[in-house]
Amino acid sequence: MRHDIKSQSISKEQVWHAYLEVRKKGKAAGVDGVTLSAYDQDRTNSLFKLWNRMASGSYFPPAVRRVRIEKQGGGNRPLGIPTVDDRIAQMVVKKHLEPLLEKQFHRNSFGYRPNRKACDAVDQCTTECWKKPWVIDLDIKGFFDNLDHDLLMKALKRHTKESWVILYIERWLKAPIEDGDSNYPPDRGIPQGGVISPLLSNLFLHYAFDLWMEKNFPGIVFERYADDIVIHCITKKQSEYLLSRIRQRLETCKLELHPNKTKIVFCKQSKFKEHDASVSFDFLGFTYKPRKMKNRKLGGIFLGYGPGISSRAAKKINRELRQMTLHKKVRYELSDLAKLLAPKLRGWIQYFGRINLHSLRWLMFRVNDRLARWARKRYKRYKESWNRARLWLKDVYRNFPNLFIHWQYGFKP
C-alpha cells in the first residue's frame, strides 16, 4: 500500500517547533544511543531528513528501548524511551492533535493537559471529601500495558481524518519493544515515556471512563489524573453499586481493576456517622485521612479529613536529599548550598505545603540536619559535636533568616 502524504504538508516549521519542545524535556538516548547533545551536532541535516520522511509517508519508528524504574510501593514500572528522531516525530503529531482533543476532554480530567495541574485535582478532591463521606479509590491494573489498540484507533478516528496522523499513530502502536536481549512487536499497550502516550491514554479513558460517567452518572464528581481516579459518593451503598458498574464497564474496554489496590474509603470526620471501613487513600503524592483540626471560628479541636504528604512521597524526597550528598560538598559556601537546594525546596513546599504545610515538618528538619552534617565535615571545630554544629546553624538562621527557602516558611534549625 502506497502512502503518499506530501499533500498533507507537514511543514519544516512543524518539525522545528517540535524539536524545540523535545529539547526542554528528557535527554535519555533511545535504541540508537544518540543523545540530544549528539543529535545537535548534525541538527540541520537530521531535521531535514526527518521532515522529508514524515512528509512523504516513509517514516517508520525504530524500536523503543525499555528500561525499568523502581516503583515507590515496590516492584518496577516499565518505561519506554524512543529515539530523539522519534520523540520529535511524536511531538509533531501531538502538537497537531492536542488542540482538537483538548476541546473535547472532560472537566474532571486533569492529567497531562495544558493549563491543568495536579494541584487542581488535589484541590477538588479535598473539597469533595469534606462534602461527601465516601470515596472509591480506583486502580486500573497495568493500564498502559493493556490499552487496546483497536479501541484507541476507533476513538482517534472520531476526531481526525488526517491520514498522516492516523498512519503514524498506527505505526507507533506497532513499533517493536527492545527489552534486554529480546525484541518484539506489542499487540496492545503504549509505552510510558513516549511523547504521544499521555495524550493517547487520555483519549482512551475519555471514552472508556469520562464520557461513560457523564452519561450514566452525571451527578457523580470524580478526579482523574491519567489512570489515577478518585470518585466521590454520598452513601456506601451508592459507592458499592457504582464500583460494580465501573468494573463491568472497564471489562468491556478490555481493562481490569486491580483487586488489591481498588477500595472503598470512608472519609471519617466529626460530622459524619461512624462506619467500619478503610479511612485513608493516596492520591497524587498525598495521603487523605482523618486529621485533628482547629475550628478557627468557634475555637476547639475537631476531627476533619484532608491531605498531607504521603509516606511514599516523603521517602522519595528523602532519597533525593541523600543523593545530593550535601555533606560532601565541603568546598561550597553555605550560600552555594542555598542556591543548590532552592529549586527543590521551593517545588516541594509549593506543592505539598500549599494545603498542609505542617506535614512537611519532619522532612524540612531533615534538611537542617544535613546542613549541620555539612558543617561538621567542613569545620574541624564541629567535627566531634552534633550539638555545636546545630547551634552554629541556629546562629546563621538568626543572622540570615531568609537564606534557605524552608527557613522562610518557619522550618528553622
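Read on for a plain summary of the structure.

The rules behind the values
Residues numbered from 1 in each chain as written. Predicted model: local features only at pLDDT ≥ 70, side-chain atom pairs only at ≥ 80, totals over all residues. Heavy atoms only, no water. Helix = DSSP H or I, 4+ residues; strand = E, 2+ residues; numbered from the N terminus. Areas by Shrake-Rupley, 256 points an atom, 1.4 Å probe, with all protein chains shown as cover. Lys, Arg positive; Asp, Glu negative; His and termini not counted. Charge placed at Lys NZ, Arg CZ, Asp CG, Glu CD. Pairing = 2+ DSSP bridges. Axes fitted to C-alpha atoms, helices over the stretch in contact; angles between N-to-C directions. Patch = residues over 30% accessible without salt bridge, like charges linked within 9 Å, V, L, I, M, F, W, Y side chains within 5 Å. Salt bridge = Lys/Arg side-chain N within 4 Å of Asp/Glu carboxyl O. 1 Å grid on protein atoms, 1.4 Å probe; cavity = no way out; pocket = protein on both sides within 12 Å on 5 of 7 lines; lining within 4 Å. Points joined across faces, edges and corners; volume = space filled by probe spheres on them. Nonpolar A, V, L, I, M, F, W, Y, C, P; charged D, E, K, R; others polar. Disulfide = S-S within 2.5 Å. Buried < 20%, exposed > 50% of the residue type's maximum accessible area, 1.4 Å probe, protein only. Contact = heavy atoms within 4.5 Å.

1. Some points on the overall build of the protein
Along the protein, the regular secondary structure elements total 15 helices and 11 strands. Dimensions along the principal axes, computed over C-alpha positions, put the protein at roughly 75 × 60 × 40 Å. Summed over all atoms, the accessible surface of the protein reaches about 21800 Å², with 49% contributed by carbon and sulfur. With 79 positive and 42 negative side-chain charges, the protein shows a separation of 8 Å between the mean positions of the two kinds.

2. Considerations on the sheet that holds strand S10 (residues 286–294)
Strands sit in the order S9-S10-S11 across an open sheet of 3 strands; the sheet is antiparallel. With partners counted over all chains shown, the strands left at the sheet margins are strand S9 (281–283) and strand S11 (301–309), one partner each. Ignoring strand direction, the axes of neighbouring strands in this sheet form an average angle of 50 degrees. Relative to S10, S9 runs antiparallel, the two being bridged by 3 bridges. Each bridged residue has a counterpart across the sheet, and for Phe281 the counterpart in S10 is Tyr288.

3. With respect to a positive patch on the surface
Where like charges cluster on the molecular surface, the positive patch consists of Lys328, Arg373, Lys377, Lys380 and Lys383. Looking at the element boundaries, Arg373 is found in helix H13 (residues 361–378).

4. Quick word on empty space enclosed by the protein
All told, the structure shown has 2 cavities of 30 Å³ or more when counted by the stated rule. By volume, the largest cavity amounts to about 90 Å³. As for the largest cavity, its lining consists of Val64, Asp86, Gln90, Trp172, Leu173, Ala175, Ile190, Pro191, Gly194, Ile196, Ser197 and Leu200. For the lining of the largest cavity, the elements supplying multiple residues, two or more each, are helix H4 (84–102), helix H8 (163–174) and helix H9 (197–216). For the lining of the largest cavity, the residue count by class is 8 nonpolar, 3 polar and 1 charged. In this model, the second largest cavity occupies a volume close to 30 Å³. Lining the second largest cavity are Val64, Trp172, Leu173, Ala175, Ile177, Pro186, Gly189 and Pro191. Of the residues belonging to the lining of the second largest cavity, the class tally is 7 nonpolar, 1 polar and no charged.

5. Focus: the state of the cysteines
Applying the stated rule across the entire model yields 0 disulfides. Its sulfur unpaired, Cys129 is 4.0 Å from the next cysteine sulfur, which belongs to Cys267. Classification of Cys129 as buried rests on a relative accessible area of 0%.

6. Comments concerning the sheet that holds strand S7 (residues 228–233)
Strand order in this open sheet of 4 strands is S6-S7-S3-S8, and the pairing throughout is antiparallel. The outermost strands of the open sheet, each flanked by one partner alone, are strand S6 (222–225) and strand S8 (263–266). The sheet shows a mean angle of 15 degrees between the axes of neighbouring strands, taken without regard to direction. Running at roughly 155 degrees to S6, helix H5 (residues 118–131) makes contact with strand S3 (134–139), S6 and S7 of the sheet. Contacting S3, S7 and S8, helix H10 (residues 236–252) runs over the sheet at an angle of about 20 degrees to S3.

7. Observations regarding the pattern of salt bridges
This structure, assessed with the given rule, holds 13 salt bridges. Note that Glu320 and Lys344 form a salt bridge whose closest N and O atoms lie 3.0 Å from each other. Taken together, the positions of Glu320 in helix H11 (residues 311–324) and Lys344 in helix H12 (residues 334–352) put the pair 24 residues apart, joining distant regions of the chain. Under the relative-accessibility criterion, Lys344 is labelled partly exposed at 33%. Shared partners join several salt bridges into a network, and the residues in it are Glu128, Lys131 and Lys132.

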